[in-house]
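Coordinates in review
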Amino acid sequence: MKKYKTVMKWVGKILSLLGCIWFLLPLFRGGFDLGAVFGFCVCLLGFLILQFYSRFAERGGWRKAIARLLSVFYCLGLVWAGYLTGLMLSAQFAAPPAGTNVIVLGAQVYSAERMGMTLTNRVNTAYDYLMKYPGAVCIVTGGQGGDEPCPEALTEKNALLRLGIEESRIHMEDQSRNTRQNLKFSKEIADREGLGTEFVIVTQSFHMFRAMKLAESAGLTPYSLVAPTDPLLLPEYYGRELLSLTKWHLENLVTYSHASVGIIGGADGPTEVYISPGD
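Everything numeric here is computed off the predicted structure, so don't read it as measured data.

Mapping Asp191 onto the fold places it in helix α6 (residues 179–193). Judged by relative accessible area, which is 46%, Asp191 ranks as partly exposed. Separated by 2.8 Å, the side chains of Asp191 and Lys187 make a polar contact.

Below, the structure written as structure tokens:
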């Protein structure tokens, strides 16, 4: 049993160090942002727990209690991350009916003619689909972020026009600031233009589950069309999506807890309570 524990401890250390290395990969693309920092710190914490747990536990008392408590919370966090990862993977297989209209979710742009790799992959994926189904139309989404010179939707539209998609097939949603607004405002365009409610959502695999759920909450019937992900940037996006999905679940929990209260009576009659989760 002791030998087995020793082997498993070393396996855990190796996996933790490999995780640290994996979350450093975005550095090769010139970035090391929140998602990668979060993932790196989680993996490093796992290594430190395995390295020093016995030393703390052998001292007994409050040190042993803290070591055990930290280990339990860490394991629960890994289970939670595994659950969220399963959700991310589950949304990739909602294949659309042939010719369903398209929504392209926005991402970083650098000019009206140049976009980041993530958005380039989404636009190229949408282009391939639109060429395959000439009767389908597209809504490109995304407003202008604080570090962007123009709306993301404009850059997407320009790219599709250069690739040969007719302007009449492209609708622009250029006011949104997050994924929730991408889909909410796209629904308004769809209603105005008579495009129906069924749409193919074009985004990366890590983002698809949350995008699909937000599309449903906006009143759409979504299907998935997965765009490629740069392998060197995947750790950043994966770590960030774990945080975003956790935030999304917490906000839904708050919403449902308030909704369970029902209607709050006031001096002027009953008042309904609405809480809108973030993106």
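Turning our attention to the packing of helix α3 (residues 61–90) against helix α7 (residues 205–217). Relative orientation of the contacting elements α3 and α7 amounts to 85°, with a least axis distance of 7 Å. Classified by the angle between their axes, α3 and α7 sit roughly perpendicular to one another. Here Leu87, Met88 and Ser90 of α3 lie close against α7, whose contacting residues are Ser205, Phe206 and Phe209. Across the contact of α3 with α7, the residue classes break down as 4 nonpolar, 2 polar and no charged.

What follows concerns the sheet that holds strand β1 (residues 101–104). Reading across the sheet, the 5 strands line up as β3-β2-β1-β4-β5 and stay open at both edges, with parallel pairing between neighbours. One side of each edge strand has no neighbouring strand; the edge strands of this open sheet are β3 (170–173) and β5 (221–227). Strand-to-strand twist in this sheet, taken as the mean axis angle between neighbours without regard to direction, amounts to 25°. Relative to β5, strand β4 (residues 198–204) is paired through 7 bridges, and the arrangement is parallel. Among the inter-strand pairings, Gln204 is bridged to a residue of β5, identified as Ala227. Across the sheet, helix α4 (residues 117–132) lies against β1, β2 (138–141), β4 and β5, angled at about 145° from β4, the strand it touches most.

Relative to the 16 Å expected for 12 residues at 1.5 Å per residue, helix α5 (residues 152–163) spans 17 Å between its end C-alpha atoms, a close match to the ideal helical length. Every buried residue of α5 is listed here: Glu152, Ala153, Thr155, Glu156, Lys157, Asn158, Ala159 and Leu160. Summarising the contacts, the buried residues of α5 are in contact with β1, α4, β2 and β3. One or two residues past the end of α5 sits Gly164, with phi positive at roughly 110°.

We now examine the packing of aromatic side chains. Aromatic ring pairs are defined here through the distance separating the ring centres and the angle between the ring planes. Taken as a whole, this structure holds 7 aromatic pairs when the rule is applied. Judged by centre distance (4.9 Å) and plane angle (75°), the rings of Trp22 and Phe23 are edge-to-face. Its relative accessible area of 6% is what places Phe23 among the buried residues. Judged by centre distance (6.3 Å) and plane angle (75°), the rings of Phe32 and Phe40 are edge-to-face. The rings of Trp22, Phe23 and Tyr238 are connected pair by pair, giving a single aromatic cluster.

Reading guide: rules and limits
- Residues numbered from 1 in each chain as written.
- Predicted model: local features only at pLDDT ≥ 70, side-chain atom pairs only at ≥ 80, totals over all residues.
- Heavy atoms only, no water.
- Helix = DSSP H or I, 4+ residues; strand = E, 2+ residues; numbered from the N terminus.
- Buried < 20%, exposed > 50% of the residue type's maximum accessible area, 1.4 Å probe, protein only.
- Polar contact = N/O pair within 3.5 Å; in protein donor to acceptor, adjacent residues only side chain to side chain.
- Axes fitted to C-alpha atoms, helices over the stretch in contact; angles between N-to-C directions.
- Parallel < 35°, antiparallel > 145°, perpendicular 65-115°, else oblique.
- Contact = heavy atoms within 4.5 Å.
- Nonpolar A, V, L, I, M, F, W, Y, C, P; charged D, E, K, R; others polar.
- Pairing = 2+ DSSP bridges.
- Expected span 1.5 Å × (residues − 1).
- Phe/Tyr/Trp six-rings, centres within 6.5 Å; stacked < 30°, edge-to-face > 60°.

These values are about where atoms sit, not about what they do.
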